[in-house]
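# Results of the structural survey
Residues per chain are reported as follows:
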Amino acid sequence: MLTHNELLDGFRQTSVKPGDTIIVHTSYKSLGGVEGGADAVIDVMRELVGTSGTVLFPSFNFQSWTETHYFDVLETPSKMGMITELARLRPDAKRTPHPIYSFSVWGARADEFAAADDVEAY
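Attention in this report is confined to the structure presented alongside it.

Definitions and limits used
Residues numbered from 1 in each chain as written. Predicted model: local features only at pLDDT ≥ 70, side-chain atom pairs only at ≥ 80, totals over all residues. Heavy atoms only, no water. Pairing = 2+ DSSP bridges. Helix = DSSP H or I, 4+ residues; strand = E, 2+ residues; numbered from the N terminus. Contact = heavy atoms within 4.5 Å. Axes fitted to C-alpha atoms, helices over the stretch in contact; angles between N-to-C directions. Buried < 20%, exposed > 50% of the residue type's maximum accessible area, 1.4 Å probe, protein only. Lys, Arg positive; Asp, Glu negative; His and termini not counted. Salt bridge = Lys/Arg side-chain N within 4 Å of Asp/Glu carboxyl O. Polar contact = N/O pair within 3.5 Å; in protein donor to acceptor, adjacent residues only side chain to side chain. Core = buried A, V, L, I, M, F, W, Y, C linked by side-chain atoms within 4.5 Å. Right-handed = clockwise from strand over helix to strand, strands pointing away.

## Some details on the sheet that holds strand S4 (residues 103-107)
Reading across from one edge, S1-S2-S4-S3 is the order of the 4 strands in this open sheet, with mixed pairing throughout. Two strands lie at the open edges of the sheet, namely strand S1 (21-23) and strand S3 (94-95), each paired on one side alone. Strand contacts of helix H2 (residues 37-49): S1, strand S2 (54-58) and S4, with the helix running at about 145° to S2, the strand carrying the most contacts. In the packing of helix H4 (residues 82-89) onto the sheet, contacts are made with S2, S3 and S4, and the angle to S2 comes to roughly 125°.

## Digging into the side chain of Arg95
Following the sequence through the fold, Arg95 ends up in strand S3. Of the buried charged residues, Arg95 lacks a salt bridge, with Glu85 as the closest side chain of opposite charge at 6.2 Å. Here Val73 takes part through its backbone oxygen, which lies 3.5 Å from a polar atom of the side chain of Arg95. Not counting residues within four places of it along the chain, the set of residues in contact with Arg95 comprises Ser59, Phe71, Asp72, Val73, Thr76, Pro77, Ser78, Arg88, Ser102, Phe103, Ser104 and Ala114.

## A short note on the environment of Gly19
Structurally, Gly19 can be placed in the loop between helix H1 (4-12) and S1. Looking at Gly19, the relative accessible area reads 35%, which means it is partly exposed. Distance from Gly19 to Asp72, taken between C-alpha atoms, is 29 Å for residues 53 residues apart in sequence. Leaving out residues up to four positions away in the same chain, Gly19 has contacts with Val49, Ser52 and Gly53.

## Structural notes on the nonpolar core
Counting 20 residues, the largest nonpolar core has Val34, Val41, Met45, Val55, Phe57 and Ile83 as the members making the most contacts within it. Looking at this core, the element that brings in the most residues is H2, giving 8 residues. Among residues more than four places away in sequence, those in contact with Met45 are Phe11, Ile22, Val24, Val55 and Phe57. Counting 5 residues, the second-largest nonpolar core is a separate cluster that includes Leu56, Phe60, Phe103 and Ala110.

## Focus on the pairing of S2
Counting buried residues along S2, 5 of its 5 residues qualify, which places the element largely inside the surrounding structure. Here S2 shows no split at all, with Thr54, Leu56 and Pro58 on one side and Val55 and Phe57 on the other all buried. With 3 bridges connecting them, S1 and S2 associate as parallel partners. Paired with Ile23 across the two strands is Leu56, which belongs to S2. Chirality of the crossover, the property in question, places the unit of S1, H2 and S2 among those that are right-handed. In terms of strand pairing, S2 meets S4 through 5 bridges, oriented antiparallel. By the bridge assignment for S4, Pro58 is matched with Phe103.

Here's what the structure looks like:
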């Protein structure tokens, strides 16, 4: 089981640095377990980019729009895994308004992304 520091040290070996904007698309299961669970992964990503950076987690929910034509940035759950759903539920997270391809966003550019007015899926 990975610790917070082991996970952070591993991700610091990438080219990501404080102030960067990153999209995190991962599988908690693929990490083999982390002390503190999926929340610890979110904390590590935020720590990796620091307060001047931005982290986006895909919070797509294809069913909500394609089947029910209902989407609410606060209520519609992410169907992209446990990490993305927990990121969406964080009180300081923002969410982009696209009904299919939304992202939960934290950090310096969160307001900018949350204000995006995309009408196309691509």
